[in-house]
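Letter by letter, the chains look like this.
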Amino acid sequence: MAANPKSLAQQLSRRGPHSVLRGDLALAGQPGVVYTPAEGFGLPAVAFGHGWLTGTSGYSGLLEHLASWGIVAAAPNTERGPVPSALGLSTDLITVLDICTSVRLGTGRISVRPDRVAVAGHGLGAGAAVLAASRRDVAAVASLFPAPTAPSAAAVAAGIGVPGLVLVGAKSLGSLNSDAVAVAQAWDGDVLLRSVHKASDDGLVEGRKLLSFIGLGGGERRTQQRTRALLTGFLLHRLTGDKTYACFSDPESEIPGSDVIADPSLIESDPAAQISQLFGR
């Protein structure tokens, strides 16, 4: 009998069964962090890009969560200034994947299978992940609450044929600061666009209290929990082929806390939402 999506989402929103190790990618010449299960060979891996004016510390809970479910999660800690390069961050995501697939991690009892890798990110990093996928072979892409980037992630998405997950905050639909609809519309392969209930696009960052005066809101616990479940299920299905989690790639599955947007072209710009975003309200 197929697993119930509601039960799976509740399960995946909590920590997984694996003990987790944390490592410093700087030892391999790349500033950043890596979280891994305590041991395992041929593991799946994801390189994760951070949002604007954020670093890896804003996603430590998410990265550790993925590792607890058996996924190596690595993140470059670069392009953190006020004028970051999305292309530069995408290059660092590629470097991170190359490190993970070419060396034994941890105590030497951890390895990544090269055909089980993905790129993901939030905000600026979500766009960088799409840019990285246009330049390197990956098995899947997760673009979480993507912000517009230069070069445009939406422009290169038309050339990406691997499965994609795109999330958008329900509060941010139609906003100038969200690139989710454009990215999903342009995607060449199978793509799933989900709206996360009562979420703003900035809510994924953990522990942020400041910078609200420039429109960056604080963390939203419910947004973080729902995103962890959706991302973990998608990656477990797409990277390992485990059909238990197929509902996280299925547009017909009803997963609590989110809605599938079957036709992104029907989403219209919301002037009120755009003004609110510009003034950080």
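All values derive from a computational prediction rather than experimental measurement.

What counts as what
Residues numbered from 1 in each chain as written. Predicted model: local features only at pLDDT ≥ 70, side-chain atom pairs only at ≥ 80, totals over all residues. Heavy atoms only, no water. Axes fitted to C-alpha atoms, helices over the stretch in contact; angles between N-to-C directions. Helix = DSSP H or I, 4+ residues; strand = E, 2+ residues; numbered from the N terminus. Left-handed = near helix turned anticlockwise from the far one by under 90°. Contact = heavy atoms within 4.5 Å. Nonpolar A, V, L, I, M, F, W, Y, C, P; charged D, E, K, R; others polar. pLDDT = per-residue confidence, 0-100. Phe/Tyr/Trp six-rings, centres within 6.5 Å; stacked < 30°, edge-to-face > 60°. Buried < 20%, exposed > 50% of the residue type's maximum accessible area, 1.4 Å probe, protein only. Pairing = 2+ DSSP bridges.

Attention shifts here to the packing of helix α2 (residues 60–68) against helix α7 (residues 221–240). One way to put it is that α2 packs onto α7 with a least axis distance of 11 Å and a crossing angle of 35 degrees. For the pair α2 and α7, the sense of crossing is right-handed. Of the residues in α7, those in contact with G61, L62, H65 and L66 of α2 are R228, L231, T232 and L235. Split by residue class, the contact of α2 with α7 holds four nonpolar, three polar and one charged.

A few words on the confidence of the model for the protein. On average, the protein scores 90 in pLDDT, and the residues at 70 or more come to 90%. Long-range and interchain partners of residues 271–281, a stretch whose pLDDT sits below 50, account for 14 contacts in this model, where long-range means more than four residues apart.

Summed over the entire model, instances satisfying the criterion amount to one aromatic pair. Relative to Y59, the ring of F48 lies with its centre 5.1 Å away and its plane at 55 degrees, an arrangement referred to as tilted. Here F48 is found in strand β3 (residues 40–49), whereas its partner Y59 is found in the loop between β3 and α2, with 11 residues between them in sequence. For the pair shown, F48 and Y59 are each scored as buried.

The next point concerns the pairing of β3. Within β3, eight of the 10 residues are buried, which leaves the element mostly enclosed by the surrounding structure. By the bridge criterion, seven bridges tie β3 to strand β5 (residues 110–122) in an arrangement that is parallel. Across the sheet, G49 pairs through a bridge with G121, a residue of β5. With three bridges joining them, β3 and strand β4 (residues 72–76) adopt parallel strand pairing. In the strand pairing of β4, A47 is matched with A74.

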